[in-house]
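Listed below are the residues making up each chain.
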Amino acid sequence: MKIVGVETVQLAEYGNNLWVRIHTDEGAIGIGETFRNPISTIAYIHETCAPFLLGKDPTQRQYLSAMISKGIGNHFNGFPTRSVEIRGNSAIDIALWDLCGKSLGKPLYELLGGRITKDIRIYNTCAGGGYNNKVRHGYNTQLISRDDPRPDDFNEDDDLLMQVYEPASLAESLLVQNINAMKIWPFDVIALQTRGMEISGADIAKAIWPIEQIRKAVGDRIDILVEYHGLWKLPAAIEIARALRDYNIYWHEEPIWMQNFDDIKRYKEHASGFVTGSENLGSLQWYREVFQRGAIDVANFDVIWVGGITEAQKIAHLAEAYDRVIAPHDCTGPVTLLVNAHLLTAQPNGLIAETVRSHLGGFYREVVTDLPEIVNGRLTPTTAPGIGADLLPDVLTRSDLNRKVTGQVAD
Ligand SMILES: [Mg+2]
């Protein structure tokens, strides 16, 4: 089997997402995905990776992934950094794994060693339907304060607006679906006002309000995960951690910019609940350092930003060596979720899967043929070969399609 074509697919409507399809001379197609900086990533894939991949055997994925990420011997692509190149490499790596599964007729979890558990618990990231879809400049999170009037389009199906204005009803609506873990980011709006340098007692009280409302309404029946998007400086982050000690917080995600390992460790000494990192900075080497220092509890790498399944599996094994757990990130795209379901159920240290119910009920279904099933708050991987899904045929005929091909494609 040989690679004959490398294709990138982007839709303006979901502009941050980029899908990569790798075509072979046997007609099989593998798909991968990445997120953010799509135009630069398209250029990188066609300029640098595709000419190298054409004619190669896609089953040699260790070799191919190592070559595009680090180069072996001849420094194939120089010194790749952690942005555009690693996004492109991640999408290609996932497509290679998908191709291998499809050519062997086995689901991805079989390639990863078989399932340890048939399904995995999920949490809901309380984002709205259009959250992060579009390419934008600057800070990407839509930030609303409860001090602002409710927007005209307020509705109970928008989990982002609900976490700001009606957190108790939001928690109740999740429990009705047997989803008993939710992620919210009530401190972000204040971090942007003070650039994360300080937080007043009044602002702490304001940010804790949704957490109090949730606890009042449903007690400890739901786990609360607090996301900080790396916006705080250490002293303010520690103040927040102390203020949250009595609220039984399940995890604190990226409270500070996760670059300084000693600071993460100092933060952890003050926090009650897991400390989680880092979808942004985490590489195999980052995790080795952070695990060595005992600075985090949960690894939430994103398979489409960390180098793909090849790198994610290494991090999962490294976490095992340190008796730590994984909870891969997905507020990004459907391929990521498909892969996470396979990875989490095939790992002894798979803790919990991130899901966004507004994406799952919305745009994910407009892009791929299949998705993992969620029943009673648990995620089950697809059983078809490879990652278990393809792009829907309609995607390639849409008017907002940006498609580029190097080599040949079947359709
Ligand atoms: Mg995060």
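Because the structure is a prediction, the values reported are computed rather than measured.

Run through the overall build of the protein chain, naming residues and quoting values.
Each helix and strand counted, the protein chain has 14 helices and 14 strands in total. The C-alpha atoms of the protein chain give a radius of gyration of 21 Å, which matches the 22 Å a tight globule of 411 residues would have. Buried positions account for 59% of the 411 residues belonging to the protein chain. By sequence separation, contacts in the protein chain at least 24 residues apart represent 72% of the contacts at least 6 residues apart. Total accessible area on the protein chain is roughly 15,800 Å²; 48% of this is exposed by carbon and sulfur atoms. Within the protein chain, the 52 negative side-chain charges are centred at a point lying 4 Å from the centre of the 39 positive side-chain charges.

Which residues make up the sheet that holds strand E3 (residues 29-35), and what are the values?
Across the sheet, which stays open at both edges, the four strands sit in the order E3-E2-E1-E14 with antiparallel pairing between neighbours. Of all the strands in the sheet, just E3 and strand E14 (401-407) have a single pairing partner and so form its edges. Neighbour-to-neighbour, the strand axes of this sheet turn through a mean angle of 20°, independent of strand direction. Here seven bridges tie strand E2 (residues 17-24) to E3, and the two strands are oriented antiparallel to one another. For Val20, the partnering residue across the bridge sits in E3 and is Gly32.

I'd love a proper account of the domain arrangement of the protein chain, names of residues and values included.
You can read the domains of the protein chain as domain 1 (3-105 + 390-407) and domain 2 (110-380). Of the residues lining the interface, 34 residues belong to domain 1; the matching set on domain 2 comes to 33 residues. Across the interface of domain 1 and domain 2, roughly 2,800 Å² is buried in total on both sides, 57% from carbon and sulfur atoms. Every element with two or more residues in the side of domain 1 that touches domain 2 is listed here: E2, E3, helix H2 (61-69) and helix H3 (84-104). Examining the composition of the side of domain 1 that touches domain 2, we find that ten residues originate from one element, H3, more than from any other. Considered class by class, the residues forming the side of domain 1 that touches domain 2 number 14 nonpolar, ten polar and ten charged.

Tell me about unusual backbone geometry, and name the residues and values.
With omega at -20°, the peptide bond leading from Gly277 into Ser278 counts as cis. Along the chain, the position of Ser278 falls in the loop between strand E8 (274-277) and helix H11 (284-292). Although it is not a glycine, Arg195 sits at a positive phi angle of roughly 50°. Looking at the secondary structure, you find Arg195 in the loop between helix H7 (188-194) and helix H8 (201-218). Phi at Asn248 takes a positive value of approximately 50°, unusual for a residue other than glycine. Note on placement: Asn248 falls in the loop between helix H9 (234-243) and strand E7 (249-253).

So, the environment of Asp400: which residues are in play, and what are the values?
Along the chain, Asp400 turns up in the loop between strand E13 (378-380) and E14. In this structure, the C-alpha to C-alpha distance between Asp400 and Gly230, residues 170 residues apart in sequence, is 33 Å. A polar contact of 2.9 Å, which involves the side chain of Asp400, links it to the side chain of Arg398.

I'd love a proper account of the nonpolar core, names of residues and values included.
Nonpolar side chains in soluble globular proteins tend to end up buried together. Counting residues in each nonpolar core, the largest one holds 99 residues, and the members touching the most others are Phe187, Trp232, Leu244, Ile264, Tyr287 and Phe301. When residues in this core are grouped by element, the largest group, seven residues, is from helix H13 (residues 334-345). Both domains that furnish three or more residues to this core are identified here as domain 1 (3-105 + 390-407) and domain 2 (110-380). In this structure Phe301 touches Ser278, Glu279, Tyr287, Val306, Ala312, Ile315, Ile326, Pro328, His329 and Leu343, once residues within four positions along its chain are discounted. By size, the runner-up hydrophobic cluster in this structure holds 22 residues, among which are Tyr44, Met67, Val84 and Leu96.

Thresholds applied
- Residues numbered from 1 in each chain as written.
- Predicted model: local features only at pLDDT ≥ 70, side-chain atom pairs only at ≥ 80, totals over all residues.
- Heavy atoms only, no water.
- Helix = DSSP H or I, 4+ residues; strand = E, 2+ residues; numbered from the N terminus.
- Rg over C-alpha atoms; globule rule 2.2 N^0.38 Å.
- Buried < 20%, exposed > 50% of the residue type's maximum accessible area, 1.4 Å probe, protein only.
- Contact = heavy atoms within 4.5 Å.
- Areas by Shrake-Rupley, 256 points an atom, 1.4 Å probe, with all protein chains shown as cover.
- Lys, Arg positive; Asp, Glu negative; His and termini not counted.
- Charge placed at Lys NZ, Arg CZ, Asp CG, Glu CD.
- Pairing = 2+ DSSP bridges.
- Axes fitted to C-alpha atoms, helices over the stretch in contact; angles between N-to-C directions.
- Domains from an automatic or database assignment.
- Buried area = accessible area lost by both parts, 1.4 Å probe.
- Nonpolar A, V, L, I, M, F, W, Y, C, P; charged D, E, K, R; others polar.
- Polar contact = N/O pair within 3.5 Å; in protein donor to acceptor, adjacent residues only side chain to side chain.
- Core = buried A, V, L, I, M, F, W, Y, C linked by side-chain atoms within 4.5 Å.

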